[in-house]
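For reference, the chains in residue letters:
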Amino acid sequence: MSVWTVERTVDELLRRERERRDGGRITDEWPALDLDTAYRAQDELLARKVAAGERVIGVKLGLTSAAKQRRMGIDAPLTGWLTDAMVLPAGEPVPLAETIHPRVEPEIVFTLGRRLAGPGVTEASALAAVAEVRAGFEVIDSRYRDFSFALPDVVADNASSCRFAVSADPVDPAGLDLAAETCTLTVDGVVVDTATGAAVQGHPARALALAANALSRRGIALEAGWTVLTGGLTDAVFVEPGRTISAEFATLGTVTAVGG
Ligand code: OOG
Ligand code: MG
């Protein structure tokens, strides 16, 4: 049995993604995998995708809400990378043939109007960098069996990233009360959960500030034009063939995922 390294971790996670099969936790076999090493694996995984032609378009936050932290059994937020290959065009079904066990979660999505570099970013300075706000959903698809992982596992796995979709019409953040913005999650027309924007760190802009400050410790700034997923407001719902999952936001609009 060869030893575990960043390279081997990335090889294994990319193979699982390509072959559409989940597997055990890396930390079960490599208990010394710490958070710094896991982020190195995440960056290496991104580098492989970029080498294969994908383009970085932003970042995602994960585990920013109590609902998500409780479900995944991890009480710390994390960040991951977004590439153009993850964009699910409006109205397109979630591609079940290309995924392992996808789940959908409602998120508030920002587009940055200017560069945002930590440390010292506050909720106010983060919000001031936001040009556009949209309703969105993320499709997460862990490369771990039953979405069972420790924090370093899910960090290395680019925070379970798979696809995301956003509403067509952006909203100007000025005048929005994002902490009070309500979101109703329905499955085949039945309400299964509700939340407000306050679910993510008290305010989605506080989640954005958290990302900017955390990334600055790795020498990374958020760039103008980048998309930022601020984290699932509620627990995620499994995608099934023909199942319709809608996130209805009070003022941001509605986004709908259909399994196909
Ligand atoms: C980890 C990714 C979490 C979110 O929005 O909280 C995430 C997972 O739940 O598999 O994307
Ligand atoms: Mg998410």
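Quick note: structure is the one above.
Remember, it's a predicted structure, so these values are computed and weren't measured experimentally.

Trainee: Before we move on, can you summarise the site of ligand 1 with the specific residues and values?
Mentor: Near ligand 1 there are 17 residues, and of these Lys-60, Leu-63, Glu-105, Ser-160 and Gly-232 occur at the shortest range. Here an oxygen atom of ligand 1 sits 2.7 Å away from a polar atom, N or O, in the side chain of Glu-105. Side-chain polar atom of Ser-160 to an oxygen atom of ligand 1: 2.6 Å apart, as the coordinates give it. Computed on the free molecule, ligand 1 has an accessible area of 320 Å², of which 100% lies beneath the protein chains in the complex. Where the shell around ligand 1 is concerned, the elements lending two or more residues are strand E1 (56–62), helix H4 (66–72), strand E3 (103–112) and strand E4 (130–140). The element that contributes the greatest number of residues to the shell around ligand 1 is E1, accounting for three residues.

Trainee: Break down the pairing of E1 for me, citing the residues and quoting the values.
Mentor: Judged by how many residues are buried, E1 sits mostly within the fold: six of seven residues are covered. Pairing of E1 with strand E8 (residues 227–229) involves three bridges; the strand directions are parallel. In the sheet register, Gly-58 faces E8, and the bridge partner there is Thr-227.

Trainee: So what's going on with the pattern of salt bridges? Residues and values would help.
Mentor: If you walk through the whole model with that rule in mind, you get 16 salt bridges. A salt bridge links Lys-49 to Glu-17; the shortest N-O distance between them is 3.0 Å. With Lys-49 in helix H3 (residues 35–51) and Glu-17 in helix H1 (residues 6–19), this residue pair connects regions lying 32 residues apart in the sequence. Here Glu-105 and Lys-68 are joined by a salt bridge, their closest N and O atoms 2.7 Å apart. With Glu-105 in strand E3 and Lys-68 in helix H4, this residue pair connects regions lying 37 residues apart in the sequence. Neither residue differs from the other here; Glu-105 and Lys-68 are each classed as buried. The structure contains a network of salt bridges with shared partners spanning Glu-7, Asp-11, Glu-44 and Arg-48.

Trainee: Give me the lowdown on the side chain of Thr-111, citing residues and values where you can.
Mentor: Summarising the element assignment, Thr-111 is placed in strand E3. Here the side chain of Thr-111 touches Arg-134 through a polar contact of 3.4 Å, side chain to side chain.

Trainee: Can you tell me about H3, naming the residues and giving the values?
Mentor: Helix length check: H3 (17 residues) gives 24 Å between terminal C-alpha atoms against 24 Å at 1.5 Å per residue, within 8%. Among the residues of H3, Thr-37, Ala-38, Tyr-39, Ala-41, Gln-42, Leu-45, Leu-46 and Lys-49 are the ones counted as buried. On its buried face, H3 sits against H1, E1, strand E2 (78–83) and helix H6 (151–156). Once H3 ends, the next one or two residues include Gly-53, with phi positive near 110 degrees.

Trainee: Help me get a handle on helix H7 (residues 204–216), residues and values and all.
Mentor: An α-helical turn contains 3.6 residues, so any two residues separated by three or four positions project in the same direction. The end-to-end C-alpha separation of H7 is 19 Å, in line with the 18 Å expected for 13 residues at 1.5 Å each. Buried within H7 we find Pro-204, Ala-205, Ala-207, Leu-208, Ala-209, Ala-211, Ala-212, Asn-213, Leu-215 and Ser-216. Where H7 is buried, its residues touch E1, E2, E3, helix H5 (123–128), E4 and E8.

Trainee: An account of the packing of H1 against H3 is requested, with residue identities and associated values reported.
Mentor: Where H1 contacts H3, the two axes come as close as 9 Å, and the packing angle between them is 55 degrees. Classified by the angle between their axes, H1 and H3 sit oblique to one another. For H1 against H3, the interelement crossing comes out right-handed. Residues Val-6, Glu-7, Thr-9, Val-10, Asp-11, Leu-13, Leu-14 and Glu-17 of H1 form the contact with H3, whose participating residues are Thr-37, Arg-40, Ala-41, Glu-44, Leu-45, Arg-48 and Lys-49. Its residues assigned to classes, the contact of H1 with H3 comprises six nonpolar, two polar and seven charged.

Trainee: Quick rundown of the sheet that holds strand E6 (residues 182–187)? Include the residues and the values.
Mentor: Pairing in this open sheet of four strands is antiparallel, and the strands run E7-E6-E10-E11 from one edge to the other. For this open sheet the edge positions go to strand E7 (190–196) and strand E11 (253–258), each flanked by a neighbour on one side alone. Within this sheet the neighbouring strands show an average axis-to-axis angle of 15 degrees, counted without direction. Relative to strand E10 (residues 244–249), E6 is paired through five bridges, and the arrangement is antiparallel. When the bridges of E10 are listed, Cys-183 appears paired with Phe-249.

Cut-offs and rules
- Residues numbered from 1 in each chain as written.
- Chains lettered and ligands numbered in written order.
- Predicted model: local features only at pLDDT ≥ 70, side-chain atom pairs only at ≥ 80, totals over all residues.
- Heavy atoms only, no water.
- Near = heavy atom within 4 Å.
- Polar contact = N/O pair within 3.5 Å; in protein donor to acceptor, adjacent residues only side chain to side chain.
- Areas by Shrake-Rupley, 256 points an atom, 1.4 Å probe, with all protein chains shown as cover.
- Helix = DSSP H or I, 4+ residues; strand = E, 2+ residues; numbered from the N terminus.
- Buried < 20%, exposed > 50% of the residue type's maximum accessible area, 1.4 Å probe, protein only.
- Pairing = 2+ DSSP bridges.
- Salt bridge = Lys/Arg side-chain N within 4 Å of Asp/Glu carboxyl O.
- Expected span 1.5 Å × (residues − 1).
- Contact = heavy atoms within 4.5 Å.
- Axes fitted to C-alpha atoms, helices over the stretch in contact; angles between N-to-C directions.
- Parallel < 35°, antiparallel > 145°, perpendicular 65-115°, else oblique.
- Left-handed = near helix turned anticlockwise from the far one by under 90°.
- Nonpolar A, V, L, I, M, F, W, Y, C, P; charged D, E, K, R; others polar.

All quantities given are derived from atomic positions and should not be read as evidence of function.
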